Amino acid sequence: MRILLVLLCMPFFVWAQNEKITVSDLTRIKSASSISLSPDGKRAVYAVQTMEPDAEKKWEYNYRTHLWLTDFQNPSRQLTQGEESVSRAIWKDAKTLLFTRPVKGKSQLFQLSLEGGEPRQLTDWKYGIGNPILSPDGSKIVFSVGLSLTELLKDSLFNPSKAVPEWSFEKPGFKDNAFLKSDSKVKPNPDGSLAEIRAFLNQDVVDKKAKVINRLNFQGEATTQPELNFSHICVLELKEGATPKVLTTGFKSFQASAWSSDGKAIYATTGQQANAHPDREQTSKVIRLTPENGQMQDVFQAENQRAFAPLPSWDGQRIALLTSPSEGVNFPKLTIIATSGSAQPVTVEFDRSVSNLSWSKDSKYLYFSAHSNGGQPLYRWNVATQKVEQLSDYDSGMLDFDVSTDKLVFVKTQVSAPNEVYWISLAKAAKKGKASDLTLAELKTAIQEAKPFTSLNDWVAKKTLSMPEKRTFQNEKGQTVEYWIMKPANVQAGKKYPLLLNMHGGPTAMWGPGEASMWHEFQYFCSQGYGVVYANPRGSGGYGLDFQRGNIKDWGTGPASDVLRAATEAAKESWSDTARQVITGGSYAGYLTAWIVGHDHRFKAAFSQRGVYDLTTFLGEGNAWRLVPNYFQYPWLDKTDRVLEANSPYTFVDQIRTPLLIKHGENDLRTGVIQSEMMYKSMKIMGKEVEYIRMPGGTHELSRSGNVRQRIDRMLRIYEFFERYVGTK
């Protein structure tokens, strides 16, 4: 009987291990983030984002983010519920959490006891509570408040003198900003005096009958934004009846980053120039705020530099921060300054873009992550040696982490487990049994061998996955280009399969096994019988500043040669059908898709997503317009070299012979829909094979964080269009 039962179960077991990744598996992916250890190190809280089916609308899903708790011994338990998502949790003490969630459209502060009971709302402030940071003694929080220019002009707390900006509003015909002060005695009248006509026109703006644009950066992600917005800093004592104290005021933005280790100061970031229009201010500095009265003191600034994300060490001796030139092609670098001011700032020698700073409790190490070589390793800067030490590999991505005296917890993505939470005991990892005696080699081994304590995406174990195989080559500039080849899932010997060249945007993005956003798309196409190849061509992030600058004034020819070389090498695989190659990419890679099909005709079909096709019009249409002067030059300075025309795919639209599907989000203002309309209409006029997809309400981020149904639609449209020409089914 037992033998029969085993035999009956075997077919199901084999089948279960060979399930295909489906397009709707996208909705099953759970993502952990915002992990934080309790003050005593015995527990950790983290957030989990899910995609929940809409009870009233078929095929629709809603994003939800809720908090979970682990004690590292028992299964994690969910702490918050409901339709409203919550923010990153803060440990008030070892038994109490703070977080924010929306109440009547404003984010408010809540407190949750881990000993039982429902979350208790602590604030009901009309401005809301944004990005709270707890003081070291747990007695107060510093937080941010956002106000529009119209709100700020009338507000008595953040503009107590009812002043107008000292910088020019840049409204033609007015030498000062007096027009911003409205006279309540003047009533709107379209047939009245000039003052009454102006009041009428202002009322039209209030009633959303017109938008008056005078600012430079008027494009948001989904709509035009004529209004300037400002961020200010407040402090709130966590006791009954306390009201927030305003620390910053006026027509300048401030962002709080951290408390000093003794709780006597707040480190924040603001613009360097006192009277610069916010849209023209590209530099920033680090300041120190006194929580009692908002008194400010400059801590760090450098000419033509951005300085931000200051984080003091626990011993109070150093401040880590990020700096970057304000213009050109750059990335943030790690800078260390002494709080005593006795030493010159030190820029750490590390040729990668640094993020997620966190000091160890003994202040001997500064931990951080950085995209590098296809992954997002965890690193630390050693105070004693002044060197950066790599702690994890390039084949995974450390998406978030926290460290205490004896524990390291982290969220990691890798191909076999797209998003799970891990922890290690530093004492157990050390051969001598003390966390303080842990060697670098022991720490790296412990991180590598750590097992997840969550099973957020355990369904993946039943799926057939395609594992990326890393390859490299040298391009003509002598740069090493890394690329990865993924076989079709369940590939059969002797059978030929189509090859998909998939390209990243940015252009400074980076793909690899340790990059989370493309996991599902890659696996889906492999499950549908496609081989996939992707590369990090010159201009990509993750390979140092020189590599990232490798495509300045060359967005087309050079990067195209890199990705096409990867496609050529992948086409040599025994399973690859060289007659059935297809290509796709989004944003900058939408640009690169259109560029390639205007110069190379090997592909049977192409799908260009949310791309830029004419660099001159991109200057006006996209909110990412600074890419034009940073990589090329302004159009009115381009009359001799004509570098914008030479680098625009639209210039070569008449050379396209590949069937092309073009997609754009209707509300995408990062690249702008006219870009895709020009390409589509021109190809249509010439009678070329072209189809155009517009996503109502879709923004530039549609494929990563947009409407779930539209994300599924996008992927299916890629697949369906390619099937018309390379037909795997």
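Residues numbered from 1 in each chain as written. Predicted model: local features only at pLDDT ≥ 70, side-chain atom pairs only at ≥ 80, totals over all residues. Heavy atoms only, no water.

K.L.:
Explain the overall build of the protein chain to me, and be specific about the residues and the numbers.
P.N.:
From N to C terminus, the protein chain includes 15 helices and 35 strands. In terms of C-alpha radius of gyration, the protein chain reaches 27 Å, essentially the compact-globule figure of 27 Å for 729 residues. Principal-axis analysis of the C-alpha atoms gives the protein chain an extent of 80 × 75 × 55 Å. Looking at the protein chain as a whole, 52% of its 729 residues are labelled buried. Within the protein chain, contacts between residues at least 6 apart in sequence are counted, and of these 55% link residues at least 24 apart. As presented, the protein chain carries roughly 33,500 Å² of accessible surface, and 50% of it is formed by carbon and sulfur atoms. Side chains of the protein chain carry 88 positive and 78 negative charges; the gap between the two charge centres is 2 Å. (Helix = DSSP H or I, 4+ residues; strand = E, 2+ residues; numbered from the N terminus. Rg over C-alpha atoms; globule rule 2.2 N^0.38 Å. Buried < 20%, exposed > 50% of the residue type's maximum accessible area, 1.4 Å probe, protein only. Contact = heavy atoms within 4.5 Å. Areas by Shrake-Rupley, 256 points an atom, 1.4 Å probe, with all protein chains shown as cover. Lys, Arg positive; Asp, Glu negative; His and termini not counted. Charge placed at Lys NZ, Arg CZ, Asp CG, Glu CD.)

K.L.:
Any chance you could break down the pattern of salt bridges for me, citing the residues and the numbers?
P.N.:
Under the criterion given, the structure shown has 31 salt bridges. Salt-bridge contacts for Glu 237 lead to Lys 239; the nearest nitrogen and oxygen are separated by 3.6 Å. Between Glu 573 and Arg 471 there is a salt bridge, with the nearest N and O atoms lying 3.3 Å from each other. Of the two residues, Glu 573 is situated in the loop between helix H8 (557–570) and strand E32 (576–586) and Arg 471 in strand E28 (residues 469–474); the sequence distance between them amounts to 102 residues. What makes Glu 573 buried here is its relative accessible area of 17%. In this structure Arg 471 comes out as partly exposed when scored by relative accessible area, which is 27%. (Salt bridge = Lys/Arg side-chain N within 4 Å of Asp/Glu carboxyl O.)

K.L.:
Please provide a residue-by-residue account of the packing of aromatic side chains, values included.
P.N.:
Enumeration over the complete set of coordinates arrives at 38 aromatic pairs. Seen in terms of ring centroids, Phe 72 and Trp 423 are 4.9 Å apart; in terms of plane orientation they differ by 45 degrees. Their pairing is tilted. One end of the pair, Phe 72, is in the loop between strand E3 (61–70) and strand E4 (77–78); the other, Trp 423, is in strand E27 (residues 417–425), and 351 residues separate them in sequence. Given a relative accessible area of 10%, Phe 72 falls into the buried group. (Phe/Tyr/Trp six-rings, centres within 6.5 Å; stacked < 30°, edge-to-face > 60°.)

K.L.:
Explain helix H15 (residues 708–726) residue by residue, including any values.
P.N.:
For H15, built from 19 residues, the straight-helix expectation of 27 Å at 1.5 Å per residue is met to within 8% by its first-to-last C-alpha distance of 27 Å. For H15, the complete set of buried residues consists of Val 708, Gln 710, Arg 711, Ile 712, Arg 714, Met 715, Ile 718, Tyr 719, Phe 721, Phe 722, Glu 723 and Val 726. The positive-phi residue at the C-terminal boundary of H15 is Gly 727, with phi of around 25 degrees. (Expected span 1.5 Å × (residues − 1).)

K.L.:
Before we move on, could you go through the pairing of strand E5 (residues 90–93) and cite the residues and values that matter?
P.N.:
Note that E5 and strand E6 (residues 96–103) share three bridges and pair antiparallel. The residue bridging Ile 90 from the neighbouring strand is Leu 98, located in E6. The turn joining E5 and E6, which pair antiparallel and follow one another in sequence, is formed by two residues. (Pairing = 2+ DSSP bridges.)

K.L.:
Which residues make up the nonpolar core, and what values do they have?
P.N.:
Within the largest apolar cluster, 90 residues are counted, with the highest numbers of intra-cluster contacts made by Leu 501, Phe 525, Ile 596 and Phe 722. Within the second largest apolar cluster, 24 residues are counted, among which are Ile 129, Leu 153, Trp 167 and Leu 180. (Core = buried A, V, L, I, M, F, W, Y, C linked by side-chain atoms within 4.5 Å.)

K.L.:
Go over empty space enclosed by the protein with me, naming the residues and quoting the values.
P.N.:
As enumerated under the stated definition, the model contains two cavities of 30 Å³ or more in all. Estimated volume of the largest cavity: approximately 90 Å³. In this structure, the largest cavity is lined by Val 415, Pro 468, Met 486, Gly 512, Pro 513, Glu 515, Met 518, Trp 519, Phe 522, Gln 523 and Tyr 534. Here the lining of the largest cavity is composed, by residue class, of eight nonpolar, two polar and one charged. Of the voids in this model, the second largest cavity is the one considered here, and its volume is about 30 Å³. Taken together, Met 503, His 504, Ala 535, Pro 537, Val 563, Tyr 588 and Leu 592 make up the lining of the second largest cavity. (1 Å grid on protein atoms, 1.4 Å probe; cavity = no way out; pocket = protein on both sides within 12 Å on 5 of 7 lines; lining within 4 Å. Points joined across faces, edges and corners; volume = space filled by probe spheres on them. Nonpolar A, V, L, I, M, F, W, Y, C, P; charged D, E, K, R; others polar.)

K.L.:
So what about the sheet that holds E6? Which residues, and what values?
P.N.:
Sheet strands pair via backbone hydrogen bonds, and the direction of the pair is either parallel or antiparallel. In spatial order, the strands read E5-E6-E7-E8; together these four strands make up an open sheet with antiparallel pairing. Every other strand in the sheet has two partners, leaving E5 and strand E8 (120–121) as the edge strands with one partner each. Across eight bridges, the pairing between E6 and strand E7 (residues 106–113) is antiparallel. Bridge pairing links Leu 98 to Gln 111 in E7.

K.L.:
Residues and numbers for the pairing of strand E25 (residues 397–403), please.
P.N.:
Across the seven residues that make up E25, a large majority, six, are buried. Across six bridges, E25 lies against strand E26 (residues 407–414) in antiparallel orientation. Across the sheet, the residue bridging to Asp 402 is Val 409, located in E26. Taking the residues between adjacent antiparallel strands as the criterion, E25 and E26 are bridged by three residues.

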